[in-house]
Amino acid sequence: MCFSFSQIPALTEVHARTNGLLDNFHSFFDRVMSRFYVDEKVFPPKGHRYTAVYSRDKEYLFDVNSIYFFTPAIRSRIIQFILDRKRFSLNNNDDFAFGIERLIADDVYNAAYPLHDGDLHRPGSMRHLLYTEWAAVRRLLRYQPLDYVKEYFGVKIGLYFAWLGFYTHMLFPAAVIGLLCFVYSCLTLYTNQPSEDICNKQLDIKMCPLCDYFCDYWSLDETCLHARVTYLFDNGTTVFFAIVMSFWAAMFLELWKRYSAEITHRWDLTSFDVQEEHPRPQYLARLAHVKRKHKNVVTDTWEPHVPFWSMRFPATMLSFSAVLLLVAMAVVAVLGVVLYRMSLLAALSVYGDSYITSYALLFTTATAASINLCCIMVFNLIYTWIAERLTEVELLRTQTEFDDSLTLKIYLLQFVNYYASIFYIAFFKGKFVGYPGKYSRLFGYRKEECGPGGCLMELCIQLAIIMVGKQAMNTLLEMAYPFFYKWLNTLKVKTGFEPGSPATSRSKQWMKDFKLVEWGPRGLFPEYLEMVLQYGFVTIFVAAFPLAPFFALLNNVLEMRLDAKKLLTFYRRPVSQRVRDIGVWYRILDSIGKLSVITNGCIIAFTSNFIPRLVFTYVVSEDSSLNGFLNHSLSYFNVSELEKGAAPVKTEFDNITICRYPEYREPPWSENKYAKTAMFWHVLAARLAFIVIFENVVVFVMILVRWCIPDMSSCLRDQIRRETYITNEIIISQETYQARQKCRSRSPDGESAVSEGHDPEADVHYRRALHAAPTGADLDLVVMARAHEEQERRLRAEEEERRKLTDNSRDSPTKL
């Protein structure tokens, strides 16, 4: 017996009212979100089409007369495939005498490119529509018309904008949480007891010199501003936000896989296999003289076999060694910046001006970060050029393999280039400096020390300058470079330096596009690289800079529209490329997410003062507060025991005998003077315990999130299976029809041939299958079903007419 709660009148009334409230809420939400969704009047939804791998032998299976059979993007890809492999010389000794790129390099042709769809500012073209409704900055809050972007630029560029839009959308909750944490820090700024103690001049704490000989003793209250700013990024919300961002990274990747599966299905990439990709023409040319061949089991073609020991192994070792050398160069550059900071700090202290000395840490960190940013931009150009040459030597078969290998090399180099100085500040600076009586030295200089509040403030400054400065500089250069080269191409054509066409053809579309800049085969690489490096700043070091997601969000909202405007305005139309996903970038993002768990845990444990404050509150303090924490975290030193040459040459403080330094060591009047105290080992044990607990908890939750979120929804999986079944039914039906036609043409009695090959039950079952398609199967499926039914109706009409003619001929033999 089935019972429903709707049978109870009271509950029915409540149910109706609840539905009414929900309906009102949904209608209000839809009205609000309609301002952000894609305008369907401007960009009508694209219908889903059932497709199969094209075969010329079975062309009857395809609707070749449809204007949508090949999109413009696919046509450009077919033409580019032919042009890249066509030989142009009868000289068999020249293995590289093929391809349009070689002809362009030899000045036989000036350029080869697909044409843009119409003029940029003339209505009626897809280019104008995308420029005004997608690339316009005033549309930055609207969703992107990804189907139209894919149709115009191809799958690869469409996937990039889909990923960038999804990443930007996911940054919104992270940015809001980061802003709330920062606002909380601002509101509680003057309630932090350690920073208030530092600013208290009545304590009159004299600190040991920051450098040898020239530096004087200094008062701790001079770093009041430094301590208060440090609190903004080093408080209780730091741990909370680091945990949130670790979960966010796991959610981002899992939800992207789910969203990517929907795009892959919608854009007909589900059955795409990269193993079916043809070899690169450069790969075949380099191996033209290799006699040994092997058969590709996927494409069923014979391809040259690359000898491992004589060709592939030396190329791999050369590439590996060169990458290690470049990584070492990046580390040396970081070492140079460290020496700059050490020498500048000593030079500023020579003047003895208390104002300069008190702000020496902030000034030195800011200038060093700026110099590091300039070095990064210069090294980027060198790294990219060398990585491309190394990848060419590796003899990679397909363009996908080539791009993935190049991506890994450049990203590894860029990772070291951008993050080496940040890792140094986070995990090495101030950790092995010793104490005033026995400093650790590098090239005769004292190693860098952190301020009384730790190195987190310097890490935050380094992150902010490199991340925000890099984004601002890249945005300017991304728009300035193509604008300059477009102006240069236009100038060359007008002045005659570049061979052009007569003035009558300068208004043609091909001539207008000739003045634009070439996109190149790896035009998307710098775009992905910029975003993935930004993702590293957002996840790996977010514990030190909670505002990173907010600045990333601001940058990306503008970046999407500027990238779109750049593609439509400054560049020639790229050749379409077919890919299934974002490639090796996903594995890089996954590795960054796993690395971020380790780095954030170590930053909280070793770089910030969170653990020492926690131990003091629950172990040392009697009232569970931070009263006395500052004095507890500073050790005493007898100035008479300073190393020879380390004592100040002159001092403003008279009769000073004791100075303080941030460490947990015994005072000079104890038996084991300057030995590490028991508190040091308690804090170290707490730091290690925190890392173990933090990482295990975060990893467990990340695994739980990945288990709870499947890569593909069950509805989408069922829809794919259903569409595969219907596609097979369509192919079987068409094959059956072709078999009937062949039997009819061979048999003298058409009626018997058709009746033998005709299965009415199969036709009925097929038509039912078409009409039972999923609810979103779109208009194309209905049109296809109606077209098939119309074809069957014409076939039956022809059979009936033939049957009548046959009957008439039998009844009236004199008419023949």
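Along each chain, residues carry numbers from 1 onward, in the same order as the chain's sequence is written. The predicted origin of the model limits local features to residues at a pLDDT of at least 70 and limits the giving and counting of side-chain atom pairs to 80 or more, whereas totals for whole chains, interfaces and linings rest on all residues. Values reported for side chains reflect all heavy atoms of the structure, with hydrogen atoms and water molecules removed beforehand.

The name an unreviewed UniProt entry assigns to the protein chain is Anoctamin, from the organism Megalurothrips usitatus. UniProt positions are given in the numbering used here, feature names are shortened, and annotations may be inferred rather than shown by experiment. Taken verbatim from the UniProt record of the protein chain, the Sequence similarities (unreviewed entry) comment is "Belongs to the anoctamin family."

A. Structural detail: the UniProt feature "transmembrane region" (unreviewed entry) in the protein chain. The sites that carry the UniProt feature "transmembrane region" (unreviewed entry) are, in the present numbering, residues 160–185, 238–256, 318–340, 360–386, 406–427, 532–558 and 684–707. Only DSSP runs of H or I reaching four residues or more are called helices, and only runs of E reaching two or more are called strands; each is numbered from the N terminus. Spanning residues 406–427, this segment combines 100% helix with 0% strand, and its end C-alpha atoms are found 30 Å apart.

B. Focus on the pattern of salt bridges. When a carboxyl oxygen of Asp or Glu is within 4 Å of a side-chain nitrogen of Lys or Arg, the pair counts as a salt bridge. The tally for this structure, following the rule as stated, stands at 17 salt bridges. A salt bridge links K257 to E254; the nearest nitrogen and oxygen atoms lie 3.5 Å apart. Here the residue K257 and the residue E254 both occupy positions in helix α9 (residues 236–266), the gap between them amounting to three residues, near one helical turn.

C. Structural view of the state of the cysteines. When two cysteine sulfur atoms lie within 2.5 Å, the pair is treated as a disulfide. Taken as a whole and assessed by the stated rule, the structure comprises two disulfides. At a sulfur-sulfur separation of 1.9 Å, the disulfide partner of C199 is C224. Negative torsions about the S-S bond denote left-handed disulfides, and the value of about 95 degrees found for C199 with C224 makes this one right-handed. Within this pair, whereas C199 is found in helix α7 (residues 193–199), its partner C224 is found in helix α8 (residues 224–233), the two being separated by 25 residues in sequence. The same class applies to C199 as to C224, namely buried. In this model C208 forms its disulfide with C659; the gap between the sulfur atoms is 1.9 Å. The S-S bond linking C208 to C659 shows a torsion near 80 degrees; that makes this disulfide right-handed. Relative accessibility under 20% of the residue-type maximum defines a buried residue, over 50% an exposed one, and the middle range a partly exposed one, all with a 1.4 Å probe and only protein chains included.

D. Helix α14 (residues 399–427), seen in detail. Here α14 is 29 residues long and its end C-alpha atoms lie 39 Å apart, about the 42 Å a rise of 1.5 Å per residue gives. The bend reported for a residue corresponds to the angle between axes fitted to the seven residues ending at that residue and the seven starting there. Y419 marks the point of greatest bend in α14, at about 50 degrees. Counting buried positions along α14 gives 23 out of 29 residues, so the element sits mostly inside the fold. For a helix, the expected span equals 1.5 Å multiplied by the number of residues minus one.

E. Just the side chain of D234, in detail. Of note, D234 is situated in the loop between α8 and α9. There is a polar contact of 3.1 Å between the side chain of D234 and the backbone nitrogen of N609. Any N or O atom pair separated by 3.5 Å or less is treated as a polar contact, with the protein-specific requirement of one donor-capable and one acceptor-capable atom, and with residues adjacent in sequence counted only for side-chain atom pairs.

F. Inspection of unusual backbone geometry at higher detail. One non-glycine residue, D204, lies in positive phi territory at about 50 degrees. The topology assignment puts D204 in the loop between α7 and β1 (206–207). Residues other than glycine seldom take positive phi values, yet S624 does so here, at roughly 55 degrees. Looking at where S624 falls in the secondary structure, it is placed in the loop between α20 (610–620) and α21 (629–633).

G. Fine view of a nonpolar patch on the surface. On the surface, a cluster of nonpolar side chains totalling about 540 Å² of accessible area is made up of Y481, F484, Y485, W487 and L491. Mapped onto the secondary structure, L491 falls in helix α15 (residues 456–495). Assessed through its relative accessible area of 36%, L491 is described here as partly exposed. A residue counts toward a patch only above 30% relative accessible area and without a salt bridge, and it is joined to like-charged neighbours within 9 Å or, for Val, Leu, Ile, Met, Phe, Trp and Tyr, to nonpolar neighbours within 5 Å. Note on areas: Shrake-Rupley, 1.4 Å probe, and residue coverage restricted to the protein chains presented here.

H. Focus on the nonpolar core. Throughout, nonpolar core names a set of buried Ala, Val, Leu, Ile, Met, Phe, Trp, Tyr and Cys residues whose side chains join them through atoms within 4.5 Å. Core analysis: the largest hydrophobic core is formed by 138 residues, its most contacted members being W163, W248, Y411 and Y419. No other element matches the 16 residues that α14 contributes to this core. Only heavy atoms enter the contact rule, under which two residues are in contact if any of them lie within 4.5 Å. What W163 contacts, discounting residues up to four positions off in sequence, is F252, W256, Y528, M531, I582 and L589. Grouped together as the second largest cluster of nonpolar side chains are ten residues, C208, F637, V639 and I656 included.

I. Focus on the packing of aromatic side chains. Working definition: rings of Phe, Tyr and Trp (its six-membered ring) pair if their centres are within 6.5 Å, and the pair is stacked with planes under 30 degrees apart, edge-to-face with planes over 60 apart, and tilted otherwise. Overall, the coordinates contain 43 aromatic pairs when judged by the stated rule. With 5.0 Å between their ring centres and 75 degrees between their planes, Y160 and Y528 make a pair best called edge-to-face. Residue Y160 is found in helix α6 (residues 155–187), and its partner Y528 is found in helix α17 (residues 525–539); the two are separated by 368 residues along the sequence. When sorted by exposure, Y160 lands in the same class as Y528, which is buried. Seen from their ring centres, F545 and F551 are 6.0 Å apart, and the 15 degrees between their planes marks the pair as stacked. Under the relative-accessibility criterion, F545 is labelled buried at 5%. Given a relative accessible area of 29%, F551 falls into the partly exposed group. Ring-over charges, as used throughout, are those where CZ of Arg or NZ of Lys falls within 6 Å of the ring centre and within 35 degrees of the ring normal. Its end group placed over the ring of Y636, R660 keeps NZ or CZ at 3.8 Å from the ring centre.

J. Structural view of the packing of α8 against α15. The geometry of α8 relative to α15 is characterised by a closest axis approach of 9 Å and an angle of 70 degrees between their N-to-C directions. Considered as vectors, α8 and α15 are oriented roughly perpendicular to each other. Across the interface between the two elements, H226, V229, T230 and F233 of α8 pack against L456, M457 and C460 of α15. When residues are grouped by polarity, Ala, Val, Leu, Ile, Met, Phe, Trp, Tyr, Cys and Pro land in nonpolar, Asp, Glu, Lys and Arg in charged, and all others, Gly among them, in polar. Taken together, the residues of the contact of α8 with α15 break down into five nonpolar, two polar and no charged. Each axis is a line fitted through C-alpha atoms, and for a helix only the stretch in contact is used; angles between axes span 0 to 180 degrees, taken between their N-to-C directions. An angle below 35 degrees is read as roughly parallel, one above 145 as roughly antiparallel, one from 65 to 115 as roughly perpendicular, and any other as oblique.

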